[in-house]
Each structure stands twice: as C-alpha cells, then as structure tokens.
Amino acid sequence: MIFHVLTIFPEIITGGTSSSILGRAVEREIIRVHPVDIRDFAEDRHQVVDDYPYGGGPGMVMKPEPVVRAAQSLDLPEGTPLLLLSPQGRPFNHQMARQMALNPEMALICGRYEGVDERVRQILPLVEVSIGDFVLTGGEFAALSIIDAVSRFIPGVLGDEDSPLKESFSDGILEYPQYTRPREFMGLEVPEILLSGDHARISAWRRREALLNTLGKRPDLLESADLTQEEKDFLKSWQTDQKNPLFR
Ligand code: ADE
C-alpha cells in the first residue's frame, strides 16, 4: 500500500516510518511512504505556504493553492481515500483503519498553523479526520498514527497476521489483561486459571475480564459492542453491585 503524505515537514514522516515495524514493512516493500513537500507547490520564489487570516485574528492560515496543487499532482485513482488531518475531523477509529487498509493507496494532508483555507475542503474530495479531542502542532503526528494503525491491517506487516483481529476494539470491547513471567512479582501472582492449561476455562475467563475491563475503563463502548444477552445480564449485575471495586 502507498501512503502519500502532503506536508511541509517531510522529514517527520520519513523519520516516523523508518524504524521498528513500519521501517521493516517499508524495507520489505509491503508499504511505501511517499512524502510530498507542499512547499514544492508554492507559487513564489520564497515558497510561502501560509498567510494572514482574512478578518484578522491570531496565527497564520495555510494557503489553498499549494495544498490543492500538491494533491492534484498525485492524480489519485477514483475512490482513493484523501484525508485531511484536523481536530475538526471525524474521530478516527479501529474500523476506519481496517477499512482503509483495503485500498492500494491513500493520501493524507497535514494541516499546520491555525488551519487550512476553507476552500481546500470545497475543492478536494476530502475526508476530514481527527485522532482525538486535542490540538497538535500539526497533522504530521496524526498522519503517522493513522499510517501505523492502517499498516497493522496489511497482511505481512505484523508477524502474526491474526493479531489485529484479536485485540482491543476488534469486537468493540477492550482486551483482557495479559501476564508473562515471572509467575509472582512483588507479591502479585498471575491468576491461577492461566496456568491451568484448560483452554475453554481460560477463554471464558478472558472474555469476562475483557467485559469488566471495558465496563471499568470505557463503558461508552458497551453501548455498541456485540454482546450476548447473557453478557449484558452479567454486566448489569456488576453495575448494580455496590461492592464492585470498579465503582467505588
Ligand atoms: N492536527 C492538529 N490536531 C489534530 C488532531 N487532534 N487530529 C488530527 N489532526 C490534527
């Protein structure tokens, strides 16, 4: 898969994708990261890409011409996702990452300064995406997060191809707690059941713990999670149990 990234800081994108799992995927040519320097599409000698906001106010705004020209230079096949990273965007999630990984390429535009001239949104067929309700210094770190999340769904990027489908969010709830050696650490024991070798009981325990983990940390996810009636009843019993340590 090719990730085209429109930015005025291509080195952030190259740096963030040249080591660890993404670096290996690039090396093996499973993914390709193509930074496009928006400054190369500026019209003037000084390669200016920002200007003062009409109507006044603090900060600078990204000019529309270099951004639009950089995007159009890619000549993307119809249907290719073209994302604008911005705190105003739709919240990015696991399902979107999985869906985007089905495409042979995608493009990400990194905003900077106070934002991008509004006409960019009107001219380009953008999907505006945010990685959370906070403001970054620019879209580059959001783009890297999205490239990372999408890449995990591309066969061959992770060692175990099944793993993105078994983890937190894959079925709408958080993951169960994990343990490794030592069996006892600072007086804390690994739950006995995990040492039992009884896979059916371990599986049931993990599902229960995943449900309780979600109830304690992200109860909002339970509203849209795919749960059996038995699981819903189980969670209800915990919610009404005043002795539940999660609700103290
Ligand atoms: N650019 C600045 N803040 C951002 C955010 N939260 N998500 C995506 N892009 C951004």
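1. Quick word on the overall build of the protein
Assigned secondary structure in the protein consists of eight helices and nine strands. Relative to the compact-globule value of 18 Å for 248 residues, the protein shows a C-alpha radius of gyration of 23 Å, a clear excess of over 25%. Taken across its 248 residues, the protein has 40% of its residues classed as buried. Of all intrachain contacts in the protein linking residues separated by at least 6 positions in sequence, the fraction that spans at least 24 positions is 72%.

2. Things to note about the domain arrangement of the protein
When the parts come together, some accessible area is lost, and that loss is often what is quoted as the size of the interface. Here the protein is partitioned into domain 1 (2-151) and domain 2 (184-247). Measuring from the centre of the C-alpha atoms in domain 1 to the corresponding centre in domain 2 gives 39 Å.

3. Focus: helix H7 (residues 199-217)
Its 19 residues place the ends of H7 26 Å apart at the C-alpha level, agreeing with the 27 Å of an ideal helix rising 1.5 Å per residue. If you check which residues of H7 are buried, you get Ile202, Trp205, Glu209, Ala210, Leu211, Leu212, Asn213, Thr214 and Leu215.

4. A short note on the site of the ligand
Lining the immediate environment of the ligand, one finds Leu85, Ser86, Pro87, Val129, Ser130, Ile131, Gly132, Phe134, Val135, Leu136, Gly138 and Ala142. Ser86 places a polar main-chain atom, nitrogen or oxygen, 3.1 Å from a nitrogen atom of the ligand. At 3.1 Å, a backbone N or O of Gly132 approaches a nitrogen atom of the ligand. The protein chains hide 96% of the 260 Å² of surface that the ligand would expose on its own. Mapping the ligand onto the cavity grids shows that it belongs to the largest pocket. When contributions to the shell around the ligand are tallied by element, the ones reaching two or more residues are strand S5 (82-91) and strand S7 (127-130). Top element by residues in the shell around the ligand is S5. It accounts for three residues.

What counts, and at which threshold
Residues numbered from 1 in each chain as written. Predicted model: local features only at pLDDT ≥ 70, side-chain atom pairs only at ≥ 80, totals over all residues. Heavy atoms only, no water. Helix = DSSP H or I, 4+ residues; strand = E, 2+ residues; numbered from the N terminus. Rg over C-alpha atoms; globule rule 2.2 N^0.38 Å. Buried < 20%, exposed > 50% of the residue type's maximum accessible area, 1.4 Å probe, protein only. Contact = heavy atoms within 4.5 Å. Domains from an automatic or database assignment. Expected span 1.5 Å × (residues − 1). Near = heavy atom within 4 Å. Polar contact = N/O pair within 3.5 Å; in protein donor to acceptor, adjacent residues only side chain to side chain. Areas by Shrake-Rupley, 256 points an atom, 1.4 Å probe, with all protein chains shown as cover. 1 Å grid on protein atoms, 1.4 Å probe; cavity = no way out; pocket = protein on both sides within 12 Å on 5 of 7 lines; lining within 4 Å. Sits in = over half its atoms within 2 Å of the grid points.

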